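Residues per chain, in single letters:
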Amino acid sequence: MRDIIIAGNWKMNKDWTETRDFGGLVADFATSLDHPAVRILIAPPYPFLQEAVSITANSPVKVAAQDVSFRQNGAFTGEVSAAMLASIQVPYCIIGHSERRQYHHETDATVKARMQGLFEHQITPIVCIGETLAQRDAGETEKVILSQLQGCFEQIELADSEKVVVAYEPVWAIGTGRTATPEQAQEVHALIRQWFAGHYGAGFANGLHILYGGSVKPDNIADLLAQADIDGGLIGGASLVYEQFATMINTAVQIVKHRRTQ
Ligand code: PGA
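Residues numbered from 1 in each chain as written. Predicted model: local features only at pLDDT ≥ 70, side-chain atom pairs only at ≥ 80, totals over all residues. Heavy atoms only, no water.

## Section: the pattern of salt bridges
- Tallied over the full model, the rule gives 14 salt bridges.
- Among the ionic pairs, Arg100 bridges to Asp67, the shortest N-O distance being 3.3 Å. Here Asp67 lies in the loop between strand 3 (62–65) and helix 3 (82–87) and Arg100 lies in helix 4 (residues 98–103), a separation of 33 residues in the sequence.
- Using a relative accessible area of 26% as the deciding quantity, one classes Arg100 as partly exposed.
- Among the residues examined, Asp67 registers a relative accessible area of 9% and is labelled buried.
- With its nearest N and O atoms 2.7 Å apart, the salt bridge here joins Arg193 to Asp231. A residue pair is termed long-range when its members are at least 10 positions apart, and Arg193 in helix 8 (residues 182–200) and Asp231 in the loop between helix 10 (221–225) and strand 8 (232–235) qualify at 38 residues. With respect to class, Arg193 is no different from Asp231; both count as buried.
- In the salt-bridge network here, residues are joined through shared partners; they are Arg2, Arg193, Asp229 and Asp231. (Salt bridge = Lys/Arg side-chain N within 4 Å of Asp/Glu carboxyl O. Helix = DSSP H or I, 4+ residues; strand = E, 2+ residues; numbered from the N terminus. Buried < 20%, exposed > 50% of the residue type's maximum accessible area, 1.4 Å probe, protein only.)

## Some points on the site of the ligand
- In the neighbourhood of the ligand, 13 residues make up the surrounding shell, with Lys11, His97, Glu169, Gly175 and Ser215 lying closest.
- Note that an oxygen atom of the ligand is positioned 2.9 Å from one of the backbone N or O atoms of Gly236.
- Here Gly237 contributes a backbone N or O atom positioned 2.9 Å from an oxygen atom of the ligand.
- If the ligand stood free it would expose 290 Å²; the protein chains cover 95% of that surface.
- In terms of residue class, the shell around the ligand is built from four nonpolar, seven polar and two charged. (Near = heavy atom within 4 Å. Polar contact = N/O pair within 3.5 Å; in protein donor to acceptor, adjacent residues only side chain to side chain. Areas by Shrake-Rupley, 256 points an atom, 1.4 Å probe, with all protein chains shown as cover. Nonpolar A, V, L, I, M, F, W, Y, C, P; charged D, E, K, R; others polar.)

Here you go:
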């Protein structure tokens, strides 16, 4: 059975002190839970990754970067490579987030290149895909999702579903307060899993974690996680407030416990 991943994407929020304090709180909380079936991730900005790695080192909390360069090294001012992330023991990295696609011209092809670089350094990519509102309204959701999957994963060899995480984030739901209904999200998650079953086999697809992102909050996370193909949340705004983040982790723990008694 897949465990649940609760990942906080801080985006361009929190400074060094806030990273240390918040990371410390989450680390203590996660340790007190002693529940390995919920995986907790935080994704602070680059300058604070090392602090986050060190403050969470003796806890189950793992750290993710929010992006990585698709190049290996050299004269690329402002870029950070997968090797650099690996050198400070960052185990996860978000790639292809819609804000990177929208403001920094990230494409499926560069997402793929980033993914290859991360694999070389044993860092698990969290690959984000999702349609815009115009695409949904035009009835193109399925087409867009399948094309993003094809573009990001073409020629990528994957044998172990633990090596990658996929996040479905409908662009129209990110930071807007407008969440996809659990049914809308489930429909796309099932489509994604089916695509992976077709390309990498049923065993791989069954083990793959597919997270939902887009205005996940304490009051909607239970309904989202109740869906068969939703394996966690990639959470922006609500992950910045400790009480909200802790509440969502608690909800995930209750859901896992409930599933295990069934
Ligand atoms: P949100 O962001 O929860 O603030 O909508 C989610 C994300 O962009 O990862």
